[in-house]
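Chain by chain, the residues:
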Amino acid sequence: MAESLLIHKGSIEFYETYNHNGLVELLNGDNRLFSLLTKSEIDNSGTKIGCICGSEAAKVTDYLSTLNLSQKCKFAWTQDFDNANVCLYALKISSEKGAIITGIDIESSKYEKDRIQIRLKSNAAGLWSEATKRNLNNVIAIVLDDNVIAAPRVMSEINSGEIEISGSFTQTQGRYIATLLNNGALPVSFFVVK
């Protein structure tokens, strides 16, 4: 966990997601992507496109690069510290910057009582309100350096600019995410030398 905190550049983005059916439509019915992923993990109504052993992810990533969807979709894997499997999400490209909001739109965040609380800057609150209204009962993915670190379901429209994310975070995971949200992107990258 400490190594992970050190090596991340810290680019945080929030994306709307395609569910399985939406991605099938975007792929014009082509099911080759789904044949590369573990079928038991695919949920047609959910936004996890599928999962695979982490060592097999490179093969899927190579296939994704051939799809030519960069104007409408960006793919990202989960970052899971406790599991050998990684899961794939299809992120909607919603504007020229791609994400709904990014780390520069966050004023502060903290982890308290099993929840991550985020306060947005005033200029981002309207964008977030519109996004939550469009995505009721859908997932918005929180992406750190192109890896999905959380994918909470939108339960209500959020007009206040105050976001509360609940879920099955451990205290360590919750504090880790809140710390990353507070720090913003670093101007340099670090690598661990052993």
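Here the residue numbering is sequential within each chain, running from 1 through the sequence in written order. Restriction of local features to residues with pLDDT of at least 70 applies here, the model being predicted, together with a cutoff of 80 or more for giving and counting side-chain atom pairs; totals for whole chains, interfaces and linings are based on all residues. Side-chain numbers come from the whole structure's heavy atoms, not from hydrogens or water.

Novice: Teacher, can you tell me more about the state of the cysteines here?
Specialist: Think of a disulfide as a covalent bridge from one cysteine sulfur atom to another cysteine sulfur atom. Counting rule for disulfides: a pair of cysteine sulfur atoms within 2.5 Å. Scanning all chains against the criterion turns up 1 disulfide. The partner cysteine of cysteine 51 in its disulfide is cysteine 87, sulfur to sulfur 2.0 Å. Classification of the bridge connecting cysteine 51 and cysteine 87 rests on its S-S torsion, roughly 95°, and on that basis the disulfide is right-handed. Within this pair, whereas cysteine 51 is found in strand β2 (residues 48–53), its partner cysteine 87 is found in strand β4 (residues 85–92), the two being separated by 36 residues in sequence. The buried category is assigned to cysteine 51, whose relative accessible area is 1%. In this description a helix means any DSSP run of H or I spanning at least four residues, a strand means any run of E spanning at least two, and both kinds are numbered starting from the N terminus. For the exposure calls, accessible area comes from a 1.4 Å probe over protein chains only, and a residue counts as buried if that area is under 20% of its type's maximum, exposed if over 50%, partly exposed in between.

Novice: Could you clarify how one ought to interpret the packing of aromatic side chains in this entry?
Specialist: A pair of Phe, Tyr and Trp rings is counted when the ring centres sit within 6.5 Å of each other, with Trp represented by its six-membered ring. The angle between the planes then sorts it: under 30 degrees is stacked, over 60 is edge-to-face, the rest tilted. One pass over the full model with this rule turns up 1 aromatic pair. Note on phenylalanine 14 and tryptophan 128: the rings are 5.6 Å apart at their centroids and 85° apart in plane angle, and the pair reads as edge-to-face. You can see phenylalanine 14 sitting in strand β1 (residues 12–18) and its partner tryptophan 128 sitting in helix α5 (residues 122–134), a full 114 residues away along the chain. Just as phenylalanine 14 is buried, tryptophan 128 falls in that class too. A ring is scored as having a charge over it whenever the NZ atom of a lysine or the CZ atom of an arginine sits within 6 Å of its centre and within 35 degrees of its normal. One cation-aromatic arrangement involves lysine 92 over tyrosine 18; the distance from NZ or CZ to the ring centre is 5.3 Å.

Novice: Sorry if this is basic, but what is going on with helix α4 (residues 57–64) here?
Specialist: Each turn of an α-helix holds 3.6 residues, which means side chains three or four residues apart point in the same direction. Taken as a whole, α4 has its buried residues at Ala57, Val60, Tyr63 and Leu64. The arc that holds the buried residues of α4, viewed along the axis, is 120°, so those residues lie on one side. In α4, those exposed residues whose orientation departs by more than 90 degrees from the buried face are Ala58 and Asp62. Contacts are assigned to residue pairs with any non-hydrogen atoms lying within 4.5 Å of each other. On its buried face, α4 is in contact with α3 (32–35), β2, β3 (73–78) and β4. Arc, as used here, means the arc of the directions from the helix axis to the C-beta atoms.

Novice: Would you mind going over the nonpolar core with me for this structure?
Specialist: Across soluble globular proteins, you tend to see nonpolar side chains buried next to one another. Buried residues of nine kinds, namely Ala, Val, Leu, Ile, Met, Phe, Trp, Tyr and Cys, make up a nonpolar core once their side-chain atoms join them within 4.5 Å. Phe14, Ile118 and Trp128 are the most contacted members of the largest nonpolar core, which totals 27 residues. Listed by contribution, the elements that provide at least two residues to this core are β1, β6 (106–112), β7 (115–120), α5, β8 (140–144), β9 (147–150), β10 (162–166) and α6 (171–183). It is α6 that contributes the most residues to this core, 5 residues altogether. Those residues in contact with tryptophan 128 that lie beyond four places of it in its chain are Phe14, Ile100, Ile101, Leu120, Ile140, Ile158 and Ile163. Membership of the second largest hydrophobic core comes to 21 residues, among which are Ile49, Phe75, Trp77 and Leu88.

Novice: Teacher, can you tell me more about the pattern of salt bridges here?
Specialist: Any two side chains of opposite charge can pair, given that their charged atoms come close. Salt bridge, as used here, is a side-chain nitrogen of Lys or Arg placed within 4 Å of a carboxyl oxygen of Asp or Glu. For the structure shown, the criterion picks out 8 salt bridges. For the salt bridge of glutamate 16 with arginine 134, the shortest nitrogen-to-oxygen distance reads 2.6 Å. Within this pair, whereas glutamate 16 is found in strand β1, its partner arginine 134 is found in helix α5, the two being separated by 118 residues in sequence. According to the relative accessible area criterion, glutamate 16 is buried, its value standing at 7%. Among the residues examined, arginine 134 registers a relative accessible area of 48% and is labelled partly exposed. Between arginine 115 and glutamate 164 there is a salt bridge, with its nearest N and O atoms 3.3 Å apart. Of this pair, arginine 115 sits in strand β7 while glutamate 164 is found in strand β10, placing the two residues 49 residues apart along the sequence. Among the residues examined, glutamate 164 registers a relative accessible area of 48% and is labelled partly exposed. Via salt bridges that share partners, Glu13, Lys74 and Asp146 belong to a single interconnected network.

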